[in-house]
Every structure is written in C-alpha cells, then in structure tokens.
Amino acid sequence: MGRPQGNKKGKETSFGRAKPNNSNSNNTKKAPAKKDVPKEEPAPPPPRVDDETRKQQQGLINIFRNTFSDILSSSSFASTLQSVKQALFDRDFARAFGTEEYLQVYAARYSPTRAVCYASILAGISDHLEPVSCAAPQLPTPAPDSDPEAGPTSPPRTLRVLSVGGGAAEVVAFGAYLAQLPPSPAVHGAVTLLDSAAWGLIVASLTTSLTSTPPPPKNATTSTTQPTDAPLVDPKLFSSAFSQQDVLALDDKTFPPLLGDTPLLITLLFTLNELFTTAGIGKTTKFLLNLTSVVPIGSLLLVVDSPGSYSETTLGKEAKRYPMQWLLDRIILGTQREPIAGRKWTKLESQDSTWFRLADSLSFPIPLENMRYQMHLYRAEDAE
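A brief structural summary. (Residues numbered from 1 in each chain as written. Predicted model: local features only at pLDDT ≥ 70, side-chain atom pairs only at ≥ 80, totals over all residues. Heavy atoms only, no water.)

## What about the packing of helix H1 (residues 51-67) against helix H8 (residues 200-210)?
Thought 1: Remark: H1 packs on H8, axes separated minimally by 10 Å, with the N-to-C direction vectors making an angle of 125°. Considered as vectors, H1 and H8 are oriented oblique to each other. The handedness of the crossing between H1 and H8 comes out as right-handed. Across the interface between the two elements, Ile-63, Phe-64 and Thr-67 from H1 touch Ser-205, Leu-206, Ser-209 and Leu-210 from H8.
Thought 2: Residues that form the contact of H1 with H8 fall into these classes: four nonpolar, three polar and no charged. (Axes fitted to C-alpha atoms, helices over the stretch in contact; angles between N-to-C directions. Helix = DSSP H or I, 4+ residues; strand = E, 2+ residues; numbered from the N terminus. Parallel < 35°, antiparallel > 145°, perpendicular 65-115°, else oblique. Left-handed = near helix turned anticlockwise from the far one by under 90°. Contact = heavy atoms within 4.5 Å. Nonpolar A, V, L, I, M, F, W, Y, C, P; charged D, E, K, R; others polar.)

Here it is in structure tokens:
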C-alpha cells in the first residue's frame, strides 16, 4: 500500500516540515500507568521554510483571514476569545462551542495553524490515500463522430472522508490536500464532518471561500488586482457536508449511512483524547468497536492528538493515568487477535511526537502558534 511501516525521518511535505520522534508497532506494550507527569521535550530549532511552502501556507491562512475578517477586526474579539479560553480551561465544551460567536472566534484563533498542519499530514500519507480514492464508473464509449485525435479521458476518482469531531480546520485541510494533487486523473473530494457542536454555517462559509475567487487585498487598486487569481479548490471537485450529532451515539445501524460501501478515510483530529477524557474509556471503546464492525475493508483511520502527557486518561481509584496511544492500540490492534465482524486493523504509520512550525513571515491579524502532535494511521483489513 505504499509507504513502509515506521518512518524514522522527518518528512518534507507541500505545507511544511515535520520533525517526528516516531514509534511503530502492531504490538501493544504494557500499560505505562503513572501518577507523575513526565517532562515535555523542548522544541527543536525552527525549520527553514522555502518560498513555495510559505506561499502555500499563506494561501490557507488567507482562507481564514477572508472568511473571518469581521470577527478578527471586531472590538469584542479579545474579550470573547478570553471567554472561550476560560470555558476550554474548565473543560466546559458545551459552553466553549455553544454559540455561533464562540465558534467563529475559536475558528479564527485556533483553526488556521491546525488546518495547515493537517494539510501537511495528509500530504505526508498521500501514498496510503491514493488506493482509497475510488474510481467512478467508466465513461461511455465516444460517439463515432467524436474527435479521433483526442486522447482517452481518465475516469474521475473520489476520495471520501468522514471527519469525526471535524469542523473549520478539517474542511480547509481537506480542500488544501485536493488542491495540491496532480490534475489528472482528477480526484473529487467528498467530506462529511460530524460533531456535536453546530459547525454547519462555518463549514459552509469556509467551503465557499475555498471554492471561490479570493477577494483582492483591501489596498489593491484596479491596476494591481489580478483577475486571474483562481479558487484554491475547483468547485467541481470538492463538496462538504456537516452533520450535528453525538458521535458516541453511533452504532452498527447509524454508522453505515455515513460510511458507505467503499473505502474511505476516517479522521479523529484532536478528538479521541477528548472522548476518552469526557465520556470515559468504556463509551469510547464501544464507539471504536462499533466503527470497526461496519467499516468498509480498505478504509483508513487517521488519529491525531496532543502528544505525551497532554493526552492521558485517568482511571480507577488510584487515579492512574494511561496514554491515549496505549489505549488506542490496545483497542484497535486488539482486533488482530479478536476480529470484529470479520475485520481487523493494521497500523501503517505512527509518530509519537512531531513539531509542526509555520513560516515566520506569514501575514495574519493575530499571532499564530506552532503546534506539536502525535499521529497514528491504521487500515481496515479482512480478517478471514
């Protein structure tokens, strides 16, 4: 399926450089339960970002700047952001994501960096994504009077994505991934985002920004405006849909309409640890096993979250803490010993801790921060 297991070196992608500390194994380790918080590793030196990468990153940042220009320039932005931060600190997610204003402020502040980072992750696993892009039915045979000199038309392909817990950053990242693919054969991206918060209007606005001609700079004149600027993504090749519902309520009856019958990419981007923490290990395990029982063979599961002690779950009276990665592997890779409905998962790639850094010269109304993450990629296989 392309990339070999275990990738010990940092990758150059279309959107930046990753510097991972990796591990990759299909064998789960003994639970490293602990009470002491380990020291977090220091940040590595910033990578050198070439002009082309900086331009691509700026293009994604502009999507957010254009979509949320009124929010970013609002006199209430700082105070609203502080309220959102407090709600997140209190782990009151219903309050943090409870109003359209809070969602817009959150998206304008936190989603730009994540979108660029997610786009780089998708570019880095493109070898695995290519087989998941399903070919459409063959085009009919050309009519007898058609141009005999015209070459054969490559059938379009479709990459379907179900983003569990997805919102602003995810829809822009998937659009950006499609934009950097070669024009032939054409790949249509169909993205469904699923979350308990009401991201629908924001997803629609960002989709419009992705597929529309970008507005000229505020200080641009008629002579300096470039009318040839094209949308980041061809609107004929990208579609998004949002569904507001509790992901933990999904089961073997409600999952299939979302998953379909052909392989797709399923993502949990900075979502799984939140599920473990807020809903508990039991409900989150049931969610993952329900997904496994109906997932189309050949599908990919991409999990990205905070690294190290930032992604741990407390269990039992002794308050032992278990790393999300250990819990994930124990559940997902446990299907190799005990398949679920004839299905098992195989780990394709794993990175324990990777720094993603933006170009220094990016233009945005507020400061943007770099981020660190862990990443794990699995493929659903026939266990028979």
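## Observations concerning the pairing of strand S5 (residues 187-195)
Every other side chain in a regular strand lies on the same face of the sheet, so the side chains alternate between the two faces.
Thought 1: Sheet topology places strand S4 (residues 157-164) next to S5; eight bridges connect them, and they run parallel. Along S5, the bridge assignment pairs Val-164 with Leu-194.
Thought 2: For the segment spanning S4, helix H7 (residues 168-179) and S5, crossover handedness is right-handed.
Thought 3: Relative to strand S6 (residues 238-244), S5 is paired through seven bridges, and the arrangement is parallel. Bridging across to S6, Val-191 finds its partner in Ser-240. (Pairing = 2+ DSSP bridges. Right-handed = clockwise from strand over helix to strand, strands pointing away.)

## Examining the pattern of salt bridges
Opposite charge on two side chains lets them pair, provided their charged atoms get close.
Thought 1: In total, this model carries seven salt bridges according to the counting rule given.
Thought 2: A salt bridge links Arg-109 to Glu-369; its shortest N-O distance comes to 3.1 Å. On the criterion of sequence distance, the pair formed by Arg-109 in helix H5 (residues 100-124) and Glu-369 in the loop between strand S11 (343-356) and strand S12 (371-382) is long-range, its members being 260 residues apart.
Thought 3: The buried category is assigned to Arg-109, whose relative accessible area is 11%.
Thought 4: Between Asp-329 and Lys-347 there is a salt bridge, with the nearest N and O atoms lying 2.7 Å from each other. One end of the pair, Asp-329, is in helix H12 (residues 324-332); the other, Lys-347, is in strand S11, and 18 residues separate them in sequence.
Thought 5: Relative accessible area serves as the criterion here: at 6%, Asp-329 is assigned to the buried category.
Thought 6: The network of salt bridges with common partners includes Asp-90, Asp-92 and Arg-95. (Salt bridge = Lys/Arg side-chain N within 4 Å of Asp/Glu carboxyl O. Buried < 20%, exposed > 50% of the residue type's maximum accessible area, 1.4 Å probe, protein only.)

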